[in-house]
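Observations on the model geometry
Here is what each chain is made of, one letter per residue.
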Amino acid sequence: MRPLIDPSFWLNRWDQQQIGFHLSEVNPQLVAHWPTLAVPAGSAVLVPLCGKSLDLRWLRQQQLRVVGVELAASAVEAFFAEQGLEPQRQVHGAFAHYLADGIEIWQGDFFALERAQLAGCTAFYDRAALIALPPAMRVRYVAHLNALLPPDACGLLVTLDYDPREMEGPPFAVPPSEVTQHFGDRWSITPGPVRNALDADGRYRERAMRFLHEQSFCLQRGG
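Now for a quick tour of the structure. Being a predicted model, the structure only gives us computed values, none of them experimental.

All right, on to the packing of helix α5 (residues 135-148) against helix α6 (residues 176-183) then. At a minimum axis separation of 10 Å, α5 and α6 run at an interaxial angle of 45 degrees. Judged by the angle between their axes, α5 and α6 are oblique. The hand of the α5/α6 crossing is right-handed. Between α5 and α6, the residues in contact are Arg138, Val139, Val142 and Leu145 and Glu178, His182 and Phe183, respectively. Classifying every residue of the contact of α5 with α6 gives 4 nonpolar, 1 polar and 2 charged.

This is the structure in structure tokens:
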């Protein structure tokens, strides 16, 4: 098992620019399925393990306040620089807090984040967090996410599913049954259509993978 529990694993990936997980466009699943949640304008949305994702800017363009969390300072600084923004930066305990144009990012350990830091987030978007974590950490991640969000929260989760014998994560395979296992007791789950991600990314075709399914799930707390 790769040293995924050690934060240095991800910090090294950013330092060495081994960031194949970063998309050069807004995630199509976000554009297609976020409107289904009908999140009111002015609401705050939590984006765990956000990196320098362009999805942050897209969410802001939907008139939402965006609250990202990211371990690597280089990723946070790259996001604001690439967006042409000069953030205000303050240190709050173990976190550095960046803020510009309605987008704020807490740079530090997601598991150390407290609900009081989240500016009243009532929604979340996860395209790269759950699938980045090994099984035991996924359990811990969902428990912490539940603790951070209010009883009426909603969210959009995007996962990948593949035969784990054909590739060692991350990203890890998270089949629909595991989504139900993690969220089914507290959230109602509406699966979206399955997308063939092999067609979109040649890196995985080179591994001779038989399938790579990307799927979104609209979640509503209290299900």
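Read on, since the account is not over.
Inspection of the secondary structure assignment puts proline 134 in the loop between β6 (123-126) and α5. Sequence-wise, proline 134 and proline 170 are 36 residues apart; in three dimensions their C-alpha atoms are separated by 7.9 Å.

In this section: the side chain of aspartate 55. Its location among the elements puts aspartate 55 in helix α3 (residues 55-61). It turns out aspartate 55 is buried and unbridged, and the closest side chain with the opposite charge, arginine 127, is 4.6 Å from it. Excluding residues within four positions of it along the chain, aspartate 55 makes contact with Glu25, Val26, Asn27, Leu30, Tyr125 and Arg127.

Definitions and limits used
- Residues numbered from 1 in each chain as written.
- Predicted model: local features only at pLDDT ≥ 70, side-chain atom pairs only at ≥ 80, totals over all residues.
- Heavy atoms only, no water.
- Axes fitted to C-alpha atoms, helices over the stretch in contact; angles between N-to-C directions.
- Helix = DSSP H or I, 4+ residues; strand = E, 2+ residues; numbered from the N terminus.
- Parallel < 35°, antiparallel > 145°, perpendicular 65-115°, else oblique.
- Left-handed = near helix turned anticlockwise from the far one by under 90°.
- Contact = heavy atoms within 4.5 Å.
- Nonpolar A, V, L, I, M, F, W, Y, C, P; charged D, E, K, R; others polar.
- Buried < 20%, exposed > 50% of the residue type's maximum accessible area, 1.4 Å probe, protein only.
- Lys, Arg positive; Asp, Glu negative; His and termini not counted.
- Salt bridge = Lys/Arg side-chain N within 4 Å of Asp/Glu carboxyl O.

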